[in-house]
Amino acid sequence: DMQPTEVISSVRVPALTGPFEFVKSFKQGKRRDDDISIVNACLRVSLSPSGSNDTARWKVEDFHAAFGGMAPTTSRPQRLEAALKGAVW
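Residues numbered from 1 in each chain as written. Predicted model: local features only at pLDDT ≥ 70, side-chain atom pairs only at ≥ 80, totals over all residues. Heavy atoms only, no water.

**Side note on the environment of R44**
Then, number 1: Here R44 is to be found in strand β2 (residues 37-50).
Then, number 2: A C-alpha to C-alpha distance of 7.3 Å links R44 and E21, two positions 23 residues apart in sequence.
Then, number 3: Among all residues touching R44, those that are not within four sequence positions of it are E21, F22, V23, D62, F63 and H64.
Then, number 4: Of note is the side chain of R44, whose polar atom sits 2.9 Å from the side chain of D62. (Helix = DSSP H or I, 4+ residues; strand = E, 2+ residues; numbered from the N terminus. Contact = heavy atoms within 4.5 Å. Polar contact = N/O pair within 3.5 Å; in protein donor to acceptor, adjacent residues only side chain to side chain.)

**Describing the packing of aromatic side chains**
Then, number 1: Overall, the coordinates contain one aromatic pair when judged by the stated rule.
Then, number 2: Here the basic side chain of K24 rests over the ring of F26, its NZ or CZ set 5.7 Å away from the ring centre. (Phe/Tyr/Trp six-rings, centres within 6.5 Å; stacked < 30°, edge-to-face > 60°. Lys NZ or Arg CZ within 6 Å of the ring centre and 35° of its normal.)

**So, the nonpolar core**
Then, number 1: By size, the foremost hydrophobic cluster in this structure holds five residues: V45, L47, V60, F63 and A65.
Then, number 2: Listing elements by their share of this core, those giving two or more residues are β2 and β3 (57-68).
Then, number 3: If you tally residues by element for this core, the top one is β3, at three residues.
Then, number 4: In this view, L47 contacts F20, F22, W58, K59, V60, E61 and W89; residues no more than four positions away in its chain are not counted. (Core = buried A, V, L, I, M, F, W, Y, C linked by side-chain atoms within 4.5 Å. Buried < 20%, exposed > 50% of the residue type's maximum accessible area, 1.4 Å probe, protein only.)

**A short note on the confidence of the model for the chain**
Then, number 1: Confidence in the prediction of the chain, expressed as mean pLDDT, is 86, and 87% of residues score 70 or more.
Then, number 2: When the elements of the chain are averaged for pLDDT, strand β1 (residues 21-29) gives the smallest value, 87, and helix α1 (residues 78-84) the largest, 96. (pLDDT = per-residue confidence, 0-100.)

**Structural notes on the environment of A87**
Then, number 1: Here A87 is to be found in the segment after α1.
Then, number 2: Sequence-wise, A87 and K59 are 28 residues apart; in three dimensions their C-alpha atoms are separated by 5.7 Å.
Then, number 3: Other than its neighbours up to four places away in sequence, A87 contacts W58, K59 and V60.

Shown next, in the form of structure tokens:
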């Protein structure tokens, strides 16, 4: 947890690690030119091929999400992340 006197000086965003890893961010603001969002989200999913060519499916290897603007701090839906790991996409 941050102390009231601390300041974030940098943010590290890890590079994608594979050909089937995807990241998407969303921001909903009041107007285009406003940099303050009402709500925001970022999703990252890593998939792996599962099944044969006839029944090609994808398996969720890893999933992370973060949501902002719904509480005083950004939150992670840990139960959702756990439920999607190993699921068929």
